[in-house]
Amino acid sequence: MKTTLFLSVSVDGLISDKNGIPYFPDGAWQDWCSLVNGVGNVIAGRSSYEQLKDDEMGSLLNPQHMIVLSSRDLDTGDSGWQHAKSPEEALEILESAGVNEAIIGGGRAVNHSFLKKGLIDYIILDLQPVAFGTGTPIFGDEMDVAQLKLINSRPINDGVIRLKYEVIHPES
């Protein structure tokens, strides 16, 4: 299965400000949701799930498969979200549904766990025209260096640049 981490990030490498709030200029959230909806799935962390499950922004997110990754027990009720306790379990849920491409939508702990386990093939970063100074880093915890190869870059709107990287996996 091909896996892509798709994030909005500040120029100082943060996915949200000190209050946990990401920055989405006009059209950026809609663009992100369009890609996720087009692929048909998203894997997100508990905080993202909590923000989106009853939020107006969440109403734009409607892929067929939505998975919340959390090591804690979680009752997703009739929210349309499925719960997985590990990156491997999240991918197994998608594979059993016949999905061949997974979109990982963050946050920090989810990003870190997928990258640390070598489960990310591509990283797409929408570089936003903002610097938070302090906030939530993309990956957070200590990990091995990840080698990346730039596949392409292009402006998308309002000073936003989309960068697409391939993760270079070491030979086994």
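Computed from a prediction, not measured in an experiment: that's the story for all the values here. For every chain, the first residue of the written sequence is number 1, and numbering continues from 1 along that sequence. Per-residue local features are limited, in this predicted model, to residues with pLDDT of at least 70; the limit for side-chain atom pairs, both in listing and counting, is 80 or more; totals at the level of whole chains, interfaces and linings are taken over all residues. With hydrogens and water excluded, all non-hydrogen atoms of the structure serve as input to the side-chain values.

**Thoughts on the pairing of strand β1 (residues 2-10)**
Think of it in three bands: with a 1.4 Å probe and only protein chains considered, a residue is buried below 20% of the maximum accessible area for its type, exposed above 50%, and partly exposed in between. Working definition: helices are DSSP H or I runs of at least four residues, strands are E runs of at least two. Numbering for both runs from the N terminus. When you tally the buried positions in β1, you get 8 out of 9 residues, the bulk of the element. Pairing between strands requires that DSSP locate at least two bridges from one strand to the other. With 4 bridges connecting them, β1 and strand β6 (residues 101-104) associate as parallel partners. Following the sheet pairing, T4 is matched in β6 by I103. Alignment of β1 against strand β7 (residues 122-128), held across 7 bridges, turns out to be parallel.

**Quick notes on the nonpolar core**
Counting 24 residues, the largest nonpolar core has L5, I43, I67, F114, I120, I123 and I138 as its most contacted members. Elements represented by at least two residues in this core include exactly β1, β4 (65-69), α3 (87-96), β6, α4 (108-116) and β7. With 4 residues, α3 is the largest single contributor of residues to this core. The criterion used for residue contact is that any of the two residues' heavy atoms lie within 4.5 Å. L5 has contacts with I104, G106, N111, I120, Y122, I123, I124 and F139, leaving out every residue within four places of it along the chain. Counting residues in each nonpolar core, the second largest holds 15 residues, with W29, L52, V68 and I124 among its members. Residues belong to a common nonpolar core when they are buried Ala, Val, Leu, Ile, Met, Phe, Trp, Tyr or Cys residues joined through side-chain atoms within 4.5 Å.

**Section: the confidence of the model for the chain**
For every residue, the predictor reports its confidence as pLDDT, a number between 0 and 100. For the chain, per-residue confidence averages 90 on the pLDDT scale, and residues scoring 70 or more make up 99% of the total. Confidence, expressed as mean pLDDT per element, reaches its minimum in the chain at helix α2 (residues 46-52) with 85 and its maximum at α3 with 97.

**A word on the pattern of salt bridges**
Salt bridges, as used here, are contacts in which a Lys or Arg side-chain nitrogen is within 4 Å of a carboxyl oxygen on Asp or Glu. Overall, the coordinates contain 5 salt bridges when judged by the stated rule. With a closest N to O distance of 3.5 Å, E101 and K2 form a salt bridge. In this pair, E101 is assigned in strand β6 and K2 in strand β1, connecting sequence segments 99 residues apart. Classification of K2 as partly exposed rests on a relative accessible area of 33%. A salt bridge links D126 to R162; its shortest N-O distance comes to 2.6 Å. Taken together, the residues span a long stretch of sequence, with D126 in strand β7 and R162 in strand β10 (residues 160-168) at a distance of 36 residues. The same class applies to D126 and to R162, which are both buried. Linked through salt bridges whose partners overlap, the residues forming this network are D31, D126 and R162.

**Let's talk about unusual backbone geometry**
Look at the link from G106 to G107: it is a cis peptide, with omega at 10°. As for its placement among the helices and strands, G107 is situated in the loop between β6 and α4.

**Examining the environment of D12**
Here D12 lies in the loop between β1 and β2 (14-17). Exposure remark for D12: the relative accessible area of 33% places this residue in the partly exposed category. A C-alpha to C-alpha distance of 28 Å links D12 and N41, two positions 29 residues apart in sequence. In this view, D12 contacts V130, A131, F132 and G133; residues no more than four positions away in its chain are not counted. By the criterion applied in these results, polar contacts are pairs of N or O atoms within 3.5 Å in which, for protein atoms, one can donate a hydrogen and the other can accept it, and in which residues neighboring in sequence qualify only through two side-chain atoms. One polar contact links the side chain of D12 to the main-chain amide nitrogen of F132, over a distance of 3.1 Å.

**Considering the packing of aromatic side chains**
Here is the rule: rings of Phe, Tyr and Trp (six-membered ring for Trp) pair when centre to centre is within 6.5 Å. Planes less than 30 degrees apart are stacked, more than 60 are edge-to-face, and the remainder are tilted. For the structure shown, the criterion picks out 4 aromatic pairs. Relative to W32, the ring of F6 has its centre 6.1 Å away and its plane inclined at 25°; by these criteria the two rings are stacked. Of this pair, F6 sits in strand β1 while W32 sits in helix α1 (residues 28-39), and the two are 26 residues apart along the sequence. With relative accessibility at 7%, the residue W32 sits in the buried group. Three or more aromatic residues joined by ring pairs make a cluster, and in this case those are F6, F24, W29 and W32. Our definition puts a charge over a ring when NZ of Lys or CZ of Arg is within 6 Å of the ring centre and also within 35 degrees of the ring normal. Sitting over the ring of Y122, K164 keeps its end group 4.8 Å from the ring centre.

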